[in-house]
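Single-letter residue listing:
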Amino acid sequence: MNVDACPAPWPPELPDVTRDWPTPRGVKRRPALWLSDGPDGYRAYVQAALDRDGPGALMSICNDAPRHPGSPLTRWFCPGVPMHATGEILTGHPDGRARHVFLVPAQAALLALDAGHVTCKPPPHKDTV
């Protein structure tokens, strides 16, 4: 996709369900960091959620950032796109860090990649994601 030819409006339109999410604190300026198999893997993961649930799809992602009981439910995924904590915590990862499960609007996450708001890097450890 040639982003320069017809840039999508930013921030993108979000699904109605996100209107019930608390507004995240502050303003995020840095891109989201996706630790996995690169932009093609990111695009395939997001597209699978869209194919399964349609344009209003929410996709689940894991974030290993520390989260204490008083943390806000909603954080920024990338500039202008919120993510909401589900309350689910995955444990037992080899690095010992808990993974907190969040929901992200899939269509916005896909547009974020095309707009340069997502940086894809390989995980620092083979089994990190």
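Calculation notes
- Residues numbered from 1 in each chain as written.
- Predicted model: local features only at pLDDT ≥ 70, side-chain atom pairs only at ≥ 80, totals over all residues.
- Heavy atoms only, no water.
- Helix = DSSP H or I, 4+ residues; strand = E, 2+ residues; numbered from the N terminus.
- Buried < 20%, exposed > 50% of the residue type's maximum accessible area, 1.4 Å probe, protein only.
- Contact = heavy atoms within 4.5 Å.
- Areas by Shrake-Rupley, 256 points an atom, 1.4 Å probe, with all protein chains shown as cover.
- Pairing = 2+ DSSP bridges.
- Axes fitted to C-alpha atoms, helices over the stretch in contact; angles between N-to-C directions.
- Salt bridge = Lys/Arg side-chain N within 4 Å of Asp/Glu carboxyl O.
- pLDDT = per-residue confidence, 0-100.
- Expected span 1.5 Å × (residues − 1).

## A word on the overall build of the protein
And then number 1: Along the backbone of the protein there are two helices and six strands.
And then number 2: What you see in the protein, going N to C, is helices and strands ordered as β-α-β-β-β-β-α-β.
And then number 3: Among the 129 residues that make up the protein, the fraction classed as buried is 36%.
And then number 4: Long-range pairs, those at least 24 residues apart, make up 70% of the contacts in the protein with a sequence separation of at least 6.
And then number 5: With the model as given, the accessible surface of the protein reaches about 7,900 Å², and the carbon-plus-sulfur share is 55%.

## Comments concerning the sheet that holds strand E4 (residues 81-90)
And then number 1: An order of E2-E5-E4-E3 is seen for the four strands of this open sheet, with the pairing classed as antiparallel. In the strand order of this sheet, the two ends are held by strand E2 (58-63) and strand E3 (74-78), each with one partner. Between one strand axis and the next, the sheet turns by 40° as a mean value, whatever way the strands run.
And then number 2: Sheet topology places E2 next to strand E5 (residues 99-105); six bridges connect them, and they run antiparallel. In the strand pairing of E5, methionine 59 is matched with valine 104.
And then number 3: The sheet strands contacting helix H2 (residues 106-114) are E2, E3, E4 and E5, and the helix crosses E5 at an angle near 90°.

## Notes on the pattern of salt bridges
And then number 1: With the rule as written, the count across this model stands at five salt bridges.
And then number 2: As a salt-bridge pair, aspartate 53 and arginine 52 come within 3.3 Å of each other at their nearest N and O atoms.
And then number 3: The partly exposed category is assigned to aspartate 53, whose relative accessible area is 45%.
And then number 4: Aspartate 95 is the salt-bridge partner of arginine 99, the closest N and O atoms lying 3.1 Å from each other.
And then number 5: Taking relative accessible area as the criterion, arginine 99 reaches 6% and is therefore assigned buried.

## Thoughts on H2
And then number 1: With respect to burial, H2 is a largely interior element, seven of its nine residues being buried.
And then number 2: The set of residues buried in H2 consists of Ala106, Ala108, Ala109, Leu110, Ala112, Leu113 and Asp114.
And then number 3: Turning to H2, the residues buried within the fold contact helix H1 (38-53), E2, E3, E4, E5 and strand E6 (118-121).
And then number 4: Trailing H2 by a residue or two, glycine 116 shows a phi angle of about 85°, which is positive.

## Quick notes on the environment of leucine 58
And then number 1: Along the polypeptide, leucine 58 turns up in strand E2.
And then number 2: Note on leucine 58: relative accessible area 23%, which makes it partly exposed.
And then number 3: Sequence separation between leucine 58 and methionine 83 is 25 residues; the distance between their C-alpha atoms is 9.4 Å.

## Thoughts on the confidence of the model for the protein
And then number 1: Here the protein averages 88 in pLDDT, while 90% of its residues score no lower than 70.
And then number 2: Predicted confidence is poor over residues 1-5, with pLDDT under 50, and the contacts of this stretch with residues over four places away or in other chains come to two contacts.

## What about H1?
And then number 1: Along its 16 residues, H1 runs 23 Å from first to last C-alpha, staying within 8% of the 22 Å computed at 1.5 Å per residue.
And then number 2: Buried residues of H1: Gly38, Gly41, Tyr42, Val46, Ala49 and Leu50, and no others.
And then number 3: Buried-residue contacts for H1 involve strand E1 (32-35), E2, E3, H2 and E6.
And then number 4: One or two positions beyond H1, positive phi appears at glycine 54, with a value near 85°.

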